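Residues per chain, in single letters:
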Amino acid sequence: MCSTLHFIPRRSEERGHADHGWLKTYHTFSFAMYQDPKHQQYGPLRVMNEDRVSPLAGFGTHSHREFEIFSYIVSGELEHKDSMSNVEILTRGHIQLTSAGTGITHTEKNPNRHGVPVHFLQIWSIPTQPRLKPAYYTRHFTDDMKKDKWAKVVAPVDDEGVQKDLREGEGTPAPVHSGLTMYATILSSGKMMEKELSGTKVYVHVIQTSSGAENAQGARVKLSDGAGGELVLGEGDGAYVSVNGSSAKLVVENVSEEQGQTAEILLFDMDAH
């Protein structure tokens, strides 16, 4: 059988990394002082930062424009305030999406007063059209909605079932002006799932839930194409997946050595950009 998928690993320890004391961050793509021409973007996906922010610290008021910006909350609390008068504290299971369009300003901080850091991923994608009207959305997905199944957490604004006029929602994808669909799962130890792919590019990221250390630890996840091609990822690792042909399927399996070790995984199914 001829493989329809090609895997290129993006190892956790090879990501850009900065420790500012109040912020520990890992950059999948070039960002701030970390610049690597081999990792500028993939399809419409331009930024993926895995951040841990200390209590009562955060990002002061700053501006964005011409990006779709979404935050996926893994643990802790993230307070968001912006120039559209949105004020919200986000917790585990929330995904917050800002369509920056012609321009917004916002602040993001950890409001926790009990010593608990916030762990979240900030993701930017390139919109399909410029000068959009700024918009704000939040969605929430429980762990049960993601356990051993693919939850569609972000989807193109015009896709069927996307409620683009709904500011807040439970279990329904946030609308994005990009050729990108984002799925999340919490995969149990020993479990395997298939994912039918519709785009030409896929990115998979295993969230680094077990440790903030530079070397990936904890859960291990195997990607395979059903034709002999496979790749094993640790926490913090990612994979570029190129899709050759139609009707492609990706098999994802939790192969962690420790019994009961779950893996939280993000998958981006994308058009070429």
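Right, let's walk through the structure included here. (Residues numbered from 1 in each chain as written. Predicted model: local features only at pLDDT ≥ 70, side-chain atom pairs only at ≥ 80, totals over all residues. Heavy atoms only, no water.)

**Let's talk about the layout of surface pockets**
Moving on, step 1. Looking at the largest pocket, its volume works out to about 310 Å³.
Moving on, step 2. H27, F31, A32, N49 and F59 are the residues nearest the centre of the largest pocket, which is lined by 19 residues in total.
Moving on, step 3. For the lining of the largest pocket, the elements supplying multiple residues, two or more each, are β2 (16–19), β3 (23–27), β4 (45–53), β5 (58–64) and β11 (118–125).
Moving on, step 4. Of the residues that constitute the lining of the largest pocket, the class distribution is eight nonpolar, nine polar and two charged.
Moving on, step 5. Each pocket or cavity is described by its volume, and for the second largest pocket that value is around 160 Å³.
Moving on, step 6. Lining the second largest pocket, in full, are K152, P156, D159, G179, L180, T181, Y183, S198, G199, D269, M270 and D271.
Moving on, step 7. If one sorts the elements of the lining of the second largest pocket by residue count, strand β16 (residues 180–187) sits on top with three residues. (1 Å grid on protein atoms, 1.4 Å probe; cavity = no way out; pocket = protein on both sides within 12 Å on 5 of 7 lines; lining within 4 Å. Points joined across faces, edges and corners; volume = space filled by probe spheres on them. Helix = DSSP H or I, 4+ residues; strand = E, 2+ residues; numbered from the N terminus. Nonpolar A, V, L, I, M, F, W, Y, C, P; charged D, E, K, R; others polar.)

**Concerning the sheet that holds β4**
Moving on, step 1. Spatially, the eight strands line up as an open sheet ordered β2-β3-β4-β11-β6-β9-β12-β14, and their pairing is mixed. Edge positions in the sheet fall to β2 and β14 (168–170), since each has one partner strand and no second. On average, adjacent strands in this sheet sit at an angle of 15 degrees to one another, irrespective of strand direction.
Moving on, step 2. Where strand β12 (residues 135–140) meets β14, three bridges bridge the pair, whose relative direction is parallel. Bridging from a neighbouring strand, R139 pairs with G169 of β14. (Pairing = 2+ DSSP bridges. Axes fitted to C-alpha atoms, helices over the stretch in contact; angles between N-to-C directions.)

**Comments concerning the nonpolar core**
Moving on, step 1. One finds F70, V154, M182 and F268 to be the most contacted residues of the largest nonpolar core, which totals 28 residues.
Moving on, step 2. Other than its neighbours up to four places away in sequence, M182 contacts F70, Y72, I95, I123, A151, K152, V153, V154, L266, L267 and F268.
Moving on, step 3. L5, Y183, L197 and V252 belong to the second largest nonpolar core, which has 24 residues in total. (Core = buried A, V, L, I, M, F, W, Y, C linked by side-chain atoms within 4.5 Å. Buried < 20%, exposed > 50% of the residue type's maximum accessible area, 1.4 Å probe, protein only. Contact = heavy atoms within 4.5 Å.)

**Quick word on the pattern of salt bridges**
Moving on, step 1. Going through the model one piece at a time under the given rule, you end up with 13 salt bridges.
Moving on, step 2. A salt bridge links E253 to K222, with the nearest nitrogen and oxygen atoms 3.8 Å apart. Placement of the pair is E253 in strand β22 (residues 249–254) and K222 in strand β19 (residues 220–224), with a sequence separation of 31 residues.
Moving on, step 3. Judged by relative accessible area, K222 falls into the partly exposed class, the value being 22%.
Moving on, step 4. One network of salt bridges, in which partners are shared, links R92, D143, K146 and E264. (Salt bridge = Lys/Arg side-chain N within 4 Å of Asp/Glu carboxyl O.)

**A few points about the pairing of β4**
Moving on, step 1. When you tally the buried positions in β4, you get nine out of nine residues, the bulk of the element.
Moving on, step 2. Both β3 and β4 contribute to a ladder of five bridges, which runs antiparallel. Counted as the bridge partner of K24 is R52 from β4.
Moving on, step 3. Relative to β11, β4 runs antiparallel, the two being bridged by eight bridges. When the sheet's bridge partners are listed, L45 is paired in β11 with S125.

**Some remarks on the environment of L197**
Moving on, step 1. Its location among the elements puts L197 in the loop between β17 (192–196) and β18 (201–206).
Moving on, step 2. Excluding its chain neighbours within four sequence positions, the residues that come into contact with L197 are L5, V202, V243, A248, L250 and D269.

**Examining the pairing of strand β21 (residues 238–243)**
Moving on, step 1. Burial within β21 is extensive, with five of its six residues counted as buried.
Moving on, step 2. With six bridges connecting them, strand β1 (residues 5–10) and β21 associate as antiparallel partners. By the bridge assignment for β21, H6 is matched with S242.
Moving on, step 3. The sheet contact formed by β18 and β21 spans five bridges and is antiparallel. Bridge assignment links V202 to a residue of β21, and that residue is V241.

**A short note on the packing of aromatic side chains**
Moving on, step 1. Enumeration over the complete set of coordinates arrives at seven aromatic pairs.
Moving on, step 2. A centroid spacing of 4.8 Å and a plane angle of 70 degrees characterise the contact between Y42 and Y240, whose relative ring orientation is edge-to-face. Pair noted here: Y42 is in the loop between β3 and β4 and Y240 is in strand β21, with a separation of 198 residues, a long-range link. Each member of the pair, Y42 as well as Y240, is classed as buried.
Moving on, step 3. Within the aromatic cluster, the residues linked to one another by ring pairs are F29, Y42, Y203 and Y240. (Phe/Tyr/Trp six-rings, centres within 6.5 Å; stacked < 30°, edge-to-face > 60°.)

**A word on the environment of S242**
Moving on, step 1. Relative to the elements of secondary structure, S242 occurs in strand β21.
Moving on, step 2. Between the alpha carbons of S242 and T4 there is a distance of 8.2 Å; along the sequence they are 238 residues apart.
Moving on, step 3. Apart from the residues within four sequence positions on either side, S242 is in contact with T4, L5, H6, Y42 and T200.

All quantities given are derived from atomic positions and should not be read as evidence of function.
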